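Commentary on secondary and tertiary structure
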Amino acid sequence: MIRHIISILIENEAGALSRVAGLFSARGYNIESLTVSVTEDASLSRMTIVTSGSEEIIEQIKKQLNKLVDVVKLMELTDGEYIERELALIKLKAEGAEDREELKRLADVFRGHIVDVSSHTYVVELTGDGGKIDAFLKTVDSRCVVEVVRSGVSGIARGNRHLDVSAG
């Protein structure tokens, strides 16, 4: 199973997300990550879906997505060079000066930011690809991790490739 990132321009209307999710569930395909937000054109949203499957399965998914009335344009980012980012907020136990210093050091190493401090916890904000976030979580003592919130993947094609209504 190969990981694929599919980016979709979709009409910004009620039920559009539900129809896309329904397409996946009706066919037994899993969505590993899903992000949606309005674009520079308020009538369109950009949806980024991470899924896994063989080339044949992904081609079938793309064909089915293109048949949906709400889908304006679709691009598989993993067909070329792309940039992906994810945001994670990680709440960690931070008790004692030694623990606090170590967590600050790790946050710095991973270019994270401590965005909240309490008497017993830190919240670290990390952005990067999923591998970077996974590596941070493996590096931190698992007993320190209180809670993890991840945004899911956002991605954009590199160079001249782009997803817009006018793109051929």
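Throughout what follows, the structure given in this document is the object of discussion. (Residues numbered from 1 in each chain as written. Predicted model: local features only at pLDDT ≥ 70, side-chain atom pairs only at ≥ 80, totals over all residues. Heavy atoms only, no water.)

As a further point, take the pattern of salt bridges. By the definition in use, this model includes ten salt bridges. With a closest N to O distance of 3.0 Å, K62 and E76 form a salt bridge. Here the residue K62 occupies a position in helix α2 (residues 55–67), and E76 occupies one in strand β4 (residues 71–76), the gap between them amounting to 14 residues. We note that K62, like E76, is buried. Residue R105 pairs with E102 through a salt bridge whose shortest N-O separation is 2.9 Å. Placement of both R105 and E102 in helix α3 (residues 97–109) is noted, with a separation of three residues, approximately one turn of the helix. Linked by salt bridges that have partners in common, E59, K62, E76 and D79 make up one network. (Salt bridge = Lys/Arg side-chain N within 4 Å of Asp/Glu carboxyl O. Helix = DSSP H or I, 4+ residues; strand = E, 2+ residues; numbered from the N terminus. Buried < 20%, exposed > 50% of the residue type's maximum accessible area, 1.4 Å probe, protein only.)

Another aspect to go through is a nonpolar patch on the surface. A surface patch of nonpolar side chains, amounting to about 280 Å² of accessible area, comprises L87, L89, V115 and V149. Along the chain, V115 turns up in strand β6 (residues 113–117). According to the relative accessible area criterion, V115 is partly exposed, its value standing at 44%. (Patch = residues over 30% accessible without salt bridge, like charges linked within 9 Å, V, L, I, M, F, W, Y side chains within 5 Å. Areas by Shrake-Rupley, 256 points an atom, 1.4 Å probe, with all protein chains shown as cover.)

Further remarks concern the side chain of T39. Looking at the secondary structure, you find T39 in the loop between β2 (33–38) and β3 (44–53). Overall, T39 belongs to the buried group, its relative accessible area being 18%. In this structure the side chain of T39 is engaged in a polar contact, spanning 2.9 Å, whose partner is the backbone oxygen of D41. (Polar contact = N/O pair within 3.5 Å; in protein donor to acceptor, adjacent residues only side chain to side chain.)

What follows concerns the environment of I8. With respect to the helices and strands, I8 occurs in strand β1 (residues 2–11). Assessed through its relative accessible area of 0%, I8 is described here as buried. In sequence terms I8 and S45 are 37 residues apart; their C-alpha atoms lie 8.1 Å from each other.

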